[in-house]
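Residue-level structure breakdown
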Amino acid sequence: MRELSIISPLSGKFLPIEQVPDEVFATKVLGDGIAIEPSDNILCAPCSGKVLQLHKSHHAITIQNENGQQVLLHIGINTVNLRGEGFKPLVKEGDQVTLGQKLIEFNAELIKEKGLSAITVMLLLESDKLASYEFNKMDNLVSGETPLGTLNVAIAGQAEATKSLDNEKAFESVPFIVRLPSGMHARPAGQMAELAKKYSSTIEIVKGNKSANITSIISVLGLEIELNDEIVIVAVGADSEEAVKAVLQYLVAREEEEIETYSKEHKNIIETKKVEIKSDERTLVGVGASEGVVIGKTSILKTEVYNYEKSSADADSERNKLETAINNAEMDILELESKLTDKSKSAIFAAHREMLKDPEILEETVGLIDSGCSAAHAWHTSIEARATRLESLKNELIAGRANDIRDVGERVLRLILGLKEETKSFGENAILIAQDLTPSDLIQIEESKVLGFATTTGGATSHVAILARSMGIPAIAGIEARALELENGVEVILDGDLGTLRLDPSQAEREEVALKIEKMNLKKELALKHADLEAKTKDGVRLEVVANIGGISDAKKSVEIGGEGVGLLRSEFLFLDRDHAPSEKEQLETYQEIADTLGDRTLVIRTLDIGGDKALNYLPLPSEENPFLGVRGIRLCLQKQEIFREQLRAILKVKAKKPINIMFPMVGQLSELREAKAILNEEREKLGNPEVNVGIMIEVPSAAVMAEQFAKEVDFFSIGTNDLTQYALAMDRGHNELAKSVDGLHPAVLNLINMTVKAAHKHGKWVGVCGGIASDSKAIPVLIGLGVDELSLSIPNIPLIKSLIRELSKSECEKLIDRVLGAESGAEVREIVTNNWPSLY
């Protein structure tokens, strides 16, 4: 046992280590020690020894004495971010120093001007391995004179023997590019050392041909890991894989935190480049429909062109062809159903069988045959007319049925023409390229190894985008038509964030994407692990994160991955693909099962939202020149009161642990709201029920502009940004040319949201967002800054969005609002968000 005395390295006021305004130091993660509030500006050696490590920012130095004990001296808190400004080293690594020798001269005033603390810390690294030590606590310290304590250091040979690693399980990470702005420094090194204690495995960091045990802070610092250096994490032991993933997850989280802090303090040093997306020979541009980046090989799904005679003189023969084809199609669909185990997927094909019997399609087709058309031409004409009408509807659930109709139509058409059904094979790691996707395609995508897809039709709020987000895979909509001319098997990078398809990527591009994918996977794992935590910002503001659902199975899935309730139950799923309306009893049973699944979580049920040119077989409506602006949503319910009242009674009879919220769609005038509420109250009073919470969808600009008046008469608003965007910009999200410009972050839309939130909060009402931008990570800071209270989104996105909210501060988000509201485009808004939170995007 050897004794070592240490003296004060600075003049100033003594502080217990626990009082240091930094969690890492105060909790002794790096080791025990003391702190000094300095009154001078020269750091001296507290003992004789060798300069083992001098940080490149010159704010920290480690001395190792002759007995091997290491003493870390750290000037100021977060001063690593100054990158050496205000620090002048008087020694270099490897120098032998004597007790009291001057080590570093620093500018304490500059540190304070930068808003940082000059409190200096002296730590005994790995103090838990010392035989004993004791610090002298004095009010005032004199540099190079005041004795601080005595350490009893174990002599060589008394340390624990290194355990054998033979025959242990090993796990190695992919190469990891370090994004810490100041490289590896004491704080992250110490936190990793503390993290390593949770695992039995031995963990090392490898940089080039050097490695360091993660539990040795000095060894890790000795690797001199800098910004953009490549490292590998290796672990050996029973829990090696878990250990490596934990370290990588820590590094990703630490990088995000440091980059955000550093970019605010040093905007002149860290500059976020404006990403200019241009189409060229190797880059095809569309609209990001679902976030994420993947690298794979193209699989082109080309639209089939069918050749047939348009006319026929033999009507009887053509009718027989049609009947036979429909019967065979039904048998084929039943066979497909029998092979599926997922009930929700099976329901898609059950709906297809109902479409085969659609009386209007059959009547129209037979009429065309009788007028001299061939069965093929008559059927195709009827199907396309029906699909085109559905596409014009605002309800995304119903508009999506256009693809179901075309899917069924193509199946029958092939049978009429005597063509065999071809099994589509996408191969492994496929990037699917198509004009559009049918339900049959999507089911095959889910059951294959398709990594992502791009379609030449649609936009960020189209049904393809909604489907991609619900599946949780990256996607692009509205990609350039030349994408369909690509060969199969071309290696591409699909970037669902930027909306680009990069052809024949270089090795450097592949490595960059592989790293980005690895980091995203780590983020997803971490988000899922903490999915049950509240979505609360850093400054304590909680947002409720709930799900958009279309059935019982969705409700169960949302609960499993941290959903805090349902912000939008699309009740239309009960009314579609059938020849009669669901009974009150059937509706009640379904709503009750969903409420039981949710328990004491939020449930918002939107009343029937259909309309426009005969969307339901059993609900005949007159043809409208512009169904998008016609009788739909609440307008239809007020016209068809029997169906409306039956649905309201079913909802009112649900016995839920938490009061159910009823929401009316497509409300544009106060008279519509008042009439709907009057009908609701009539049915409620008949049942003897207490009052219920009533809200409206804000999806019509008039409702947003008049939010002040509406707020006096409802309990909440839910903003449907998909339709609000279409109406505000006068652009159809399904239009091939315009869809790319339909962006829910357009300033015109954000100003409408701002008006809505202000009006609601003025009257003590809450506001949710249930449109596509609630799932858009770049929209989250904006929505938080605008004061939105609830986000209702696609189920797979719940964990990541909750995690993102926990990384943000509402006060910081609010600072951007004037800029985003005054921006010129949605693209500019996205650029503002990216530049302010470079670590998150």
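Notes on the structure in this doc start here. Keep in mind that what you see is a predicted model, and the values were worked out from it rather than measured. (Residues numbered from 1 in each chain as written. Predicted model: local features only at pLDDT ≥ 70, side-chain atom pairs only at ≥ 80, totals over all residues. Heavy atoms only, no water.)

1. Overview of the sheet that holds strand 25 (residues 475-477)
Where strands meet in a sheet, backbone hydrogen bonds hold them as pairs that are either parallel or antiparallel. Pairing is mixed across the open sheet formed by eight strands, whose spatial order is 20-27-26-22-23-24-25-21. With partners counted over all chains shown, the strands left at the sheet margins are strand 20 (283-285) and strand 21 (287-290), one partner each. Across the sheet, the mean angle separating the axes of adjacent strands is 30 degrees when strand polarity is ignored. With five bridges connecting them, strand 22 (residues 293-301) and strand 23 (residues 430-434) associate as parallel partners. Residue Ile300 lies in a different strand from strand 23, and its bridge partner there is Ile433. Together, strand 22, strand 26 (491-495) and strand 27 (500-503) form the strand contacts of helix 14 (residues 507-529), whose direction differs from that of strand 22 by roughly 110 degrees. (Pairing = 2+ DSSP bridges. Helix = DSSP H or I, 4+ residues; strand = E, 2+ residues; numbered from the N terminus. Axes fitted to C-alpha atoms, helices over the stretch in contact; angles between N-to-C directions. Contact = heavy atoms within 4.5 Å.)

2. Let's talk about the packing of helix 15 (residues 552-560) against helix 16 (residues 584-598)
The geometry of helix 15 relative to helix 16 is characterised by a closest axis approach of 9 Å and an angle of 5 degrees between their N-to-C directions. In this view, helix 15 runs roughly parallel relative to helix 16, as classed from their interaxial angle. In contact with Ile552, Ala555, Lys556 and Val559 of helix 15, helix 16 contributes Thr590, Glu593, Ile594, Thr597 and Leu598. The residue makeup of the contact of helix 15 with helix 16, split by class, is five nonpolar, two polar and two charged. (Parallel < 35°, antiparallel > 145°, perpendicular 65-115°, else oblique. Nonpolar A, V, L, I, M, F, W, Y, C, P; charged D, E, K, R; others polar.)

3. Observations regarding the packing of helix 22 (residues 721-729) against helix 23 (residues 747-762)
Running from amino to carboxyl end, helix 22 crosses helix 23 at an angle of 120 degrees, the nearest separation of the two axes being 9 Å. In terms of orientation, helix 22 lies oblique with respect to helix 23. As for the relative orientation of helix 22 and helix 23, their crossing is right-handed in sense. Residues Thr721, Leu724, Thr725, Ala728 and Leu729 of helix 22 form the contact with helix 23, whose own contacting residues are Ala748, Val749, Leu752 and Ile753. Looking at the contact of helix 22 with helix 23 residue by residue, the classes come out as seven nonpolar, two polar and no charged. (Left-handed = near helix turned anticlockwise from the far one by under 90°.)

4. Points about the pattern of salt bridges
Opposite charge on two side chains permits them to pair, given that their charged atoms come into close proximity. Scanning the entire structure with this criterion turns up 43 salt bridges. Linking Lys516 and Asp497 is a salt bridge whose minimum nitrogen-to-oxygen distance equals 3.9 Å. Here Lys516, found in helix 14, pairs with Asp497, found in the loop between strand 26 and strand 27; they are 19 residues apart in sequence, far enough to count as distant. Looking at Lys516, the relative accessible area reads 41%, which means it is partly exposed. If you follow the salt bridges from partner to partner, you end up with Glu584, Arg645, Arg649, Lys653, Glu682, Glu683 and Lys686 in one network. (Salt bridge = Lys/Arg side-chain N within 4 Å of Asp/Glu carboxyl O. Buried < 20%, exposed > 50% of the residue type's maximum accessible area, 1.4 Å probe, protein only.)

5. Topic: the environment of Thr721
If you trace the backbone, Thr721 turns up in helix 22. With a relative accessible area of 1%, Thr721 lands in the buried category. In this view, Thr721 contacts Ile753, Val769, Gly771, Gly772 and Ile773; residues no more than four positions away in its chain are not counted. Polar contacts involving the side chain of Thr721 include one to the main-chain amide nitrogen of Gly772, which spans 3.4 Å. (Polar contact = N/O pair within 3.5 Å; in protein donor to acceptor, adjacent residues only side chain to side chain.)

6. Topic: the sheet that holds strand 7 (residues 70-74)
A sheet is described by the order of its strands in space; here eight strands give the open sequence 9-5-6-7-11-3-2-13, paired in antiparallel fashion. Strands with a single pairing partner mark the edges of an open sheet, and in this sheet they are strand 9 (96-97) and strand 13 (140-141).

7. Topic: the pairing of strand 3 (residues 31-38)
Within strand 3, seven of the eight residues are buried, leaving the element largely enclosed by the surrounding structure. As defined by bridge partners, strand 2 (residues 12-16) adjoins strand 3 across five bridges and the pair is classed as antiparallel. Residue pairing for strand 3: Phe14 is matched across the bridge by Ile36. In the sheet, strand 3 pairs with strand 11 (residues 120-125) via six bridges, with the strands oriented antiparallel. Each bridged residue has a counterpart across the sheet, and for Asp32 the counterpart in strand 11 is Leu124.

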